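Examination of the molecular architecture
The chain contents come next:
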Amino acid sequence: MRVFCGIDWASDHHDIALVDTDGKLVARARIEDDAVGLQQFLDLLAEHGDGPASRIPVAIETSRGLLVACLRSTNRPIYAINPLAAARYRERHTIARKKSDHLDAMVLANILRTDAAAHRQLPADSELAQAIAVLARAQQDAVWDRTQASNKLRSHLREYFAGYLAAIQPILGGLCSPVARSLLAAAPTPGRAARLTKPQLRAVLKRAGRQRGIDAEAERLHTALRVPQMRQLPLVEDAMGRQALTLLRKLDAACTSADELAEAAVESFEQHPDAEIITSFPGLGSLSGARVLAEIGDDRSRFADARALKAYAGAAPVTRASGKSRSVRVRRVKNQRLAAVGYVWAFSSLTASPGARAHYDRRRADGDRHVAAQRNLFNRMLGCLHHCLTKHTPYDENVAFPPRPAPALAVAA
């Protein structure tokens, strides 16, 4: 008798349901989210035929967490079912729209019993690839947090200290640069900034790590911070300066987290055997390559072909056809992290690859807007990446973008 398992997970407990090939419930349980509960669950599976030679497949609505990690270590098939898909399946079992944890577990088990082929198993990525995924995603989250903190601080400074924003505009990195943050920490109000002397400004630049052109930069900042500007009332200005320091501490923490996680992600990525192939592509460095590897993994059986990878990344369009109507639209359901790094990858490749630049220019000449042309180039690059990783070969510009034959000239009669 073949058995299928569904798990309705929660933060402190999990509901288990086992069904047979006829959809009959053969066992149910509720376990705690701890080691004792996990052992109870494994014992329950063993009672119904689970063993090293025949593992009972499990369906659950998440791909992360300690429970999933422990189940993956048993080398059993695990299916992460999208909650929206599970909600549609629930309507097949009850039209009254009733809901319970036990019913949800049974629905998940029956999804495997009837439509396992329509869902994707969790990939069997290596331990190193999983670690890279943790670091790369955390670094990307830190970058987004840094952008959010920077935007909040910038918006606040516009309300009382616009001259500071004008003074740091030529600095590479803008508000997130060490020089800009050190300067704001030393003088969070226009009054205090105007009183900074040139030796104090040179000390600020040195604390921020500046090594060249310190005197010239100190002279420029000394002049820029004394340009007349609109001011708030003195007490209001001082209060807003205190608020700016609070926002600055959040920005400092986000910048530090992004830098430290980037270093850790690059260090782990460069140890992976696929790193050399991925970074051989134009527009991909160690950090962006780590983000790509984090989302596609190193289980080559995860994607049946390049088309599956392109759909997963959102680079392939979606065709909707019914009767005489037919439309081709942008794919909205996709891996947002891979799509985000894909745009950066395609944009960077324009200056690193003549073939990529020519491909982009042709798409623009055919009427595509910038984003559409970038997405089409990303689609092309993903096909090349799938081929190179499958064949274990580095990127070759002449193979990816072979020279196009020159158009034949018409001979006059």
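Calculation criteria
- Per chain, the residues get numbers from 1 upward, laid out in the order the sequence is written.
- For a predicted model such as this one, the threshold for reporting local features is a pLDDT of at least 70, and the threshold for listing and counting side-chain atom pairs is 80 or more; totals across whole chains, interfaces and linings nevertheless cover every residue.
- Hydrogens and waters are ignored; side-chain quantities use all the structure's heavy atoms.
- Counting from the N terminus, the helices are the DSSP runs of H or I reaching at least four residues and the strands are the DSSP runs of E reaching at least two.
- Only protein chains enter the accessibility calculation, which uses a 1.4 Å probe. A residue is then buried if its area is under 20% of the maximum for its type, exposed if over 50%, and partly exposed in between.
- His is not counted, nor are the chain ends, whereas Lys and Arg count as positive and Asp and Glu as negative.
- We define a salt bridge as a contact between a side-chain nitrogen of Lys or Arg and a carboxyl oxygen of Asp or Glu at a distance within 4 Å.
- In protein, a polar contact means a hydrogen-donor-capable atom and an acceptor-capable atom, both N or O and within 3.5 Å, with residues adjacent in sequence counting only if both atoms are side-chain atoms; elsewhere, any N or O pair within 3.5 Å suffices.
- Any two strands between which DSSP finds at least two bridges are classified as paired.
- A helix is expected to reach a length of 1.5 Å times the quantity of its residues less one.
- The contact criterion used is simple: two residues touch if any of their non-hydrogen atoms lie within 4.5 Å.

Within the secondary structure, Asp-298 sits in the loop between helix H13 (286-296) and helix H14 (306-313). Arg-300 provides the closest opposite charge to the buried, unpaired Asp-298, separated from it by 6.2 Å. Here His-272 takes part through its side chain, which lies 2.9 Å from a polar atom of the side chain of Asp-298.

For strand E1 (residues 3-9), the buried fraction is high: six of the seven residues fall into the buried class. Both E1 and strand E2 (residues 13-20) contribute to a ladder of seven bridges, which runs antiparallel. Bridging across to E2, Trp-9 finds its partner in His-14. Between E1 and E2, which pair antiparallel in sequence order, lie three residues. Two strands pair when backbone bridges link them, and E1 and strand E4 (residues 58-60) are joined in this way by three bridges, in the parallel orientation. Across the sheet, residue Cys-5 finds its bridge partner in E4, namely Val-58.

A word on the environment of Val-179. Looking at where Val-179 falls in the secondary structure, it is placed in helix H7 (residues 178-186). A residue is classified by how much of its surface remains accessible, and Val-179, at 10% relative accessible area, is buried. Expressed as a C-alpha distance, the spacing of Val-179 and Ala-208, which sit 29 residues apart in the sequence, is 5.1 Å.

Attention now goes to helix H15 (residues 336-352). Across its 17 residues, H15 extends 24 Å between first and last C-alpha, which sits within 8% of the 24 Å expected from 1.5 Å per residue. Among the residues making up H15, those that are buried are Arg-337, Leu-338, Ala-339, Val-341, Gly-342, Trp-345, Ala-346, Ser-349 and Leu-350. Taken together, the buried residues of H15 touch helix H5 (127-158), H13, H14, helix H16 (354-365) and helix H17 (370-391). Measuring from the side-chain oxygen of the N-cap residue of H15 to the backbone nitrogen of Arg-337 gives 3.1 Å; that N-cap residue is Asn-335.

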